[in-house]
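A closer look at the structure
Residue strings, one per chain:
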Amino acid sequence: MPAAQPLLPVEQALAQLLAMADAAPIREREQIALAQGSGRVLADDLIATLDLPPWPNSAMDGYALRRDDWQGKPLRVSQRIFAGAVPEALEPGTCSRIFTGAPMPDGADCVEMQENARIEDDERVSFNQTLTVGQNIRPQGQETRIGDRLLAAGSRLGAIELGLLASMGHASIDVVRRPRVAVLSTGDELVEPGQPLGPGQIYNSNRQVLCSALSGLGCEVVDAGILPDDLQQTRQRLAALGDVDLILSTGGVSVGEADFLGIALREEGQLALWKLAIKPGKPLTFGHFRGAPVIGLPGNPASTLVTFTLLARPYLLRRLGVRDVAPLRFQVPAGFAWPRAGTRREYLRGRIEQGRAVIYPNQSSGVLLSAAWAHGLVEIGEGCTVDEGDLVTFISFSELF
Ligand code: AMP
Ligand code: MG
């Protein structure tokens, strides 16, 4: 028997994938309307072209005045300033009625909120508390100053980043063009939903998971359908895919199975077959077919999910120029015990209940339901055990799927 291939730590596999992504960046860009920006990647730094706030304004509904004008004698209200108005300079010895977001009148140096003001019979106003210069004023430029870098090129755009672009007055933006990703599902047993199921057949669920996740990453998905376990057809179907930035396939990479994808890639000269030190998701293929990068994920639904999260997604994001590609990890106390240390790093489907991570009872890699139940993945290091209450690392699905 040949010596078993040593298992590759997932960090090393990721580092290799990211190096290849850095060597093949997608540089083409396009201009799109802000409303179309969700999930896309910013092509240029966003530099502030406005001070925010553009002028000092009131943080409260209340009264604007010069602090030294308040000497305990009621002050006349000389103007009313609503948000959107252009105020007159403050008449000395008076105060202005002012509302949240309205510009401060010249000459005023503080705002007292209306709850601390008393309107006297003659409609003059008295104040109950000591006033300080600057109180309840949002100074010009407290959030941003013209020239500040607000977002770096390579930032992923979500609701908040799009809001920031809007706050600078951008109606359209330059983003990196969508990567074209072909999704291939390999397996003689697979049938698309909507078709009748024959003996020995199962529905193709990975395609749906990947297509949805890729759309969320701003990819243009080329649905390449189901690929039978057959070398001739594998070659033909790969050749027919045309111009894509990535071919993402599932299945056919398990030990003992005839790996037609691997054979077809080897014929084209570029192939790496990795045995990753993770569970689920040990086997992974990386190669090129006529210049197009190919990532072959294992077919078990939970394995597909884990390897997509840890490797394929970061690889794709890096192709788009995103720096921060690893999924967000945070520590939570375990609400379970994991008494038997494994030789591979485990990614358990878990959820957060009362501030603790608990795990799905069936962690088989074939069980997609475990992931549907879960809020994310509990990462347990190789050789580690966990007692209830120990801190464990959690990767949330909410950012990913
Ligand atoms: P494979 O990696 O091809 O050996 O597949 C491993 C397991 O995952 C087998 O039980 C397959 O039937 C199942 N599987 C492979 N591809 C899919 C898919 N696209 N959807 C659902 N299950 C799949
Ligand atoms: Mg298969």
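Residue numbers restart at each chain and count upward from 1, following the sequence in its written direction. Throughout, the order in which chains and ligands are written sets their labels, letters from A for the former and numbers from 1 for the latter. In keeping with the model being predicted, local features are shown solely for residues with a pLDDT of at least 70 and side-chain atom pairs are shown and tallied solely at 80 or more, while totals for entire chains, interfaces and linings include all residues. Side-chain descriptors were evaluated using all non-hydrogen atoms of the structure, hydrogens and water having been removed beforehand.

A word on the domain arrangement of the chain
The criterion, for reference: For the purposes of this description, domain bounds are those given by an automatic or database domain assignment.
We note that the domain assignment places domain 1 (10-27 + 178-319), domain 2 (32-51 + 143-176), domain 3 (57-138) and domain 4 (329-396) within the chain. Here the C-alpha centroids of domain 2 and domain 4 sit 36 Å apart.

Remarks on the sheet that holds strand S17 (residues 246-250)
Which entries qualify depends on this criterion: A strand pair is defined by DSSP finding two or more bridges across the two strands. Helix and strand definitions follow DSSP, with helices as H or I runs of at least four residues and strands as E runs of at least two, each counted in order from the N terminus. The axes used here are C-alpha line fits, helices contributing only the stretch in contact, and every angle between their N-to-C directions lies in the interval 0 to 180 degrees. The contact criterion used is simple: two residues touch if any of their non-hydrogen atoms lie within 4.5 Å.
Strand order in the open sheet formed by six strands is S16-S13-S17-S21-S20-S18, with mixed pairing between adjacent strands. Only two strands of the sheet have a single partner each, and these edge strands are strand S16 (220-227) and strand S18 (271-275). Strand-to-strand twist across the sheet, computed as the mean angle between neighbouring axes with direction ignored, equals 15 degrees. Across the sheet, helix H1 (residues 10-23) lies against S18, strand S20 (283-289) and strand S21 (292-297), angled at about 155 degrees from S18, the strand it touches most. Taken strand by strand, helix H4 (residues 231-239) contacts strand S13 (180-186), S16, S17 and S20, and its axis lies near 165 degrees from that of S16.

Focus: the packing of H1 against helix H6 (residues 301-319)
Under the convention used in this document: We call two directions roughly parallel when the angle between them is under 35 degrees, roughly antiparallel when it is over 145, roughly perpendicular when it lies between 65 and 115, and oblique otherwise. Throughout, a crossing is termed right-handed when the near helix is turned clockwise from the far one, and left-handed when it is turned anticlockwise from it by less than a right angle.
As a packed pair, H1 and H6 sit with axes 9 Å apart at the nearest point and diverge in direction by 25 degrees. Classified by the angle between their axes, H1 and H6 sit roughly parallel to one another. The way H1 lies across H6 gives a crossing that is right-handed. Here Val-10, Ala-13, Leu-14, Leu-17, Leu-18, Met-20, Ala-21 and Asp-22 of H1 lie close against H6, whose contacting residues are Leu-310, Leu-311, Pro-314, Tyr-315, Arg-318 and Arg-319.

Observations concerning the sheet that holds strand S4 (residues 62-65)
Overall, mixed pairing links the six strands, which are arranged S7-S4-S6-S5-S9-S8 in an open sheet. Here the strands that pair on one side only, and so sit at the sheet edges, are strand S7 (110-113) and strand S8 (117-119). Direction aside, the axes of adjacent strands within the sheet are offset by 40 degrees on average. Taken together, the four bridges between S4 and S7 define a ladder with antiparallel strand orientation.

What about helix H5 (residues 260-267)?
Residues spaced three or four apart along an α-helix point in a common direction, a consequence of the helix completing one turn every 3.6 residues. Counted only if it meets this: When a residue's accessible area, from a 1.4 Å probe over protein chains only, is under 20% of the maximum for its type it is buried; when over 50% it is exposed; and in between it is partly exposed.
Within H5 the residues assigned to the buried category are Phe-260, Leu-261, Gly-262, Ala-264 and Leu-265. Tucked into the core, H5 has its buried residues touching H4, S17, S18, S20 and S21.

What about the pattern of salt bridges?
Our working definition: Here, a salt bridge means any side-chain nitrogen of Lys or Arg that lies within 4 Å of a carboxyl oxygen of Asp or Glu.
Taken as a whole and assessed by the stated rule, the structure comprises 26 salt bridges. Its salt-bridge partner being Arg-345, residue Glu-382 comes within 3.0 Å of it at the nearest N-O pair. Linking Glu-382 in the loop between strand S25 (376-380) and strand S26 (391-396) with Arg-345 in strand S23 (residues 345-353), this pair joins segments that are 37 residues apart in sequence. When salt bridges that share partners are traced, they join Glu-11, Arg-329, Arg-345, Glu-379 and Glu-382 into one network.

Considerations on the nonpolar core
Formally: Nonpolar cores are built from buried Ala, Val, Leu, Ile, Met, Phe, Trp, Tyr and Cys residues. Side-chain atoms within 4.5 Å join them into one set.
Counting residues in hydrophobic clusters, the biggest one holds 47 residues, and the most contacted among them are Leu-248, Ile-295, Phe-308 and Leu-311. Contributions of two or more residues to this core are made by H1, S13, helix H3 (206-216), S17, S20, S21 and H6. No other element matches the nine residues that H6 contributes to this core. Not counting residues up to four positions away in its chain, the partners in contact with Phe-308 are Leu-210, Ala-213, Leu-214, Leu-217, Leu-248, Leu-297, Arg-313, Pro-314 and Phe-401.

Observations regarding unusual backbone geometry
In the segment running from Leu-52 into Pro-53, the intervening peptide bond is cis, with an omega of -10 degrees. For Pro-53, the position within the fold is in the loop between strand S2 (46-47) and strand S3 (57-58). Here the residue pair Lys-279 and Pro-280 is connected by a cis peptide bond, since its omega of 0 degrees sits within 30 degrees of zero. Inspection of the secondary structure puts Pro-280 in the loop between strand S19 (278-279) and S20. Although it is not a glycine, Arg-290 sits at a positive phi angle of roughly 45 degrees. Checked against the element boundaries, Arg-290 lands in the loop between S20 and S21. Classification of Arg-290 by relative accessible area gives exposed; the value is 58%.

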